[in-house]
Amino acid sequence: MSIPNKFLLSDLLNHNVRCDLGIDHGPGFSAWMYPPVHRLLGWTSKPSNFSLKREVWRLNQLKGVATQDVFVKGEPSSSDQSMLERFPTLINADIFNKSGERLGLIADFVFEPQTGRILYYLVSRSNPKIPGTSRWRLSISLIVDQNPGSVFCNC
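Residues numbered from 1 in each chain as written. Predicted model: local features only at pLDDT ≥ 70, side-chain atom pairs only at ≥ 80, totals over all residues. Heavy atoms only, no water.

A. Broad picture of the packing of aromatic side chains. Considering all chains together, one arrives at 5 aromatic pairs under this definition. The interplanar angle of 25° and the centroid separation of 5.5 Å between the aromatic rings of Phe-96 and Phe-152 together place this pair among those described as stacked. Of this pair, Phe-96 sits in strand β9 (residues 94-96) while Phe-152 sits in strand β14 (residues 150-153); the two residues are 56 residues apart in sequence, bridging distant segments of the chain. Put simply, the rings of Phe-7, Phe-109, Phe-111 and Tyr-121 touch in pairs and so form one group of aromatic residues. (Phe/Tyr/Trp six-rings, centres within 6.5 Å; stacked < 30°, edge-to-face > 60°. Helix = DSSP H or I, 4+ residues; strand = E, 2+ residues; numbered from the N terminus.)

Pasting the structure below:
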């Protein structure tokens, strides 16, 4: 069991989180990131479908990846959905070109699990939840400005 050098956020969130005590903490739910420097700090899991409680994991707690589980060491921080909605994120942010035309939205990204550095974003032209939706790579070097919910690129 190892950690890949590059990881797709959606792949991380599609795994159940299991701690070193063997407890299942539920599936991944959302990213915890620091958009100004394009870095993933951690992620959240959802231990129950009937509760608003969320568990927040630091990226350095990730210790291994298996077919259906990611393994973590240590205790999570507890939070709730309303608090997590205040976390800044670029996921689902609209992308605009230098002419102000909407190009799509950020649907996913590839990151380095050891550092959290985001290597590039994946942009969807339409609804990213529809299977088969085309995605294209947005290099971080093309991003010239970002605000909550919108990213402006030089393309």
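Once the structure has been displayed, the description carries forward.
B. Spatial organisation of the side chain of Ser-150. Along the polypeptide, Ser-150 turns up in strand β14. Judged by relative accessible area, Ser-150 falls into the buried class, the value being 12%. Beyond its immediate stretch of four places on either side in the chain, Ser-150 contacts Ala-93, Asp-94 and Phe-96. (Buried < 20%, exposed > 50% of the residue type's maximum accessible area, 1.4 Å probe, protein only. Contact = heavy atoms within 4.5 Å.)

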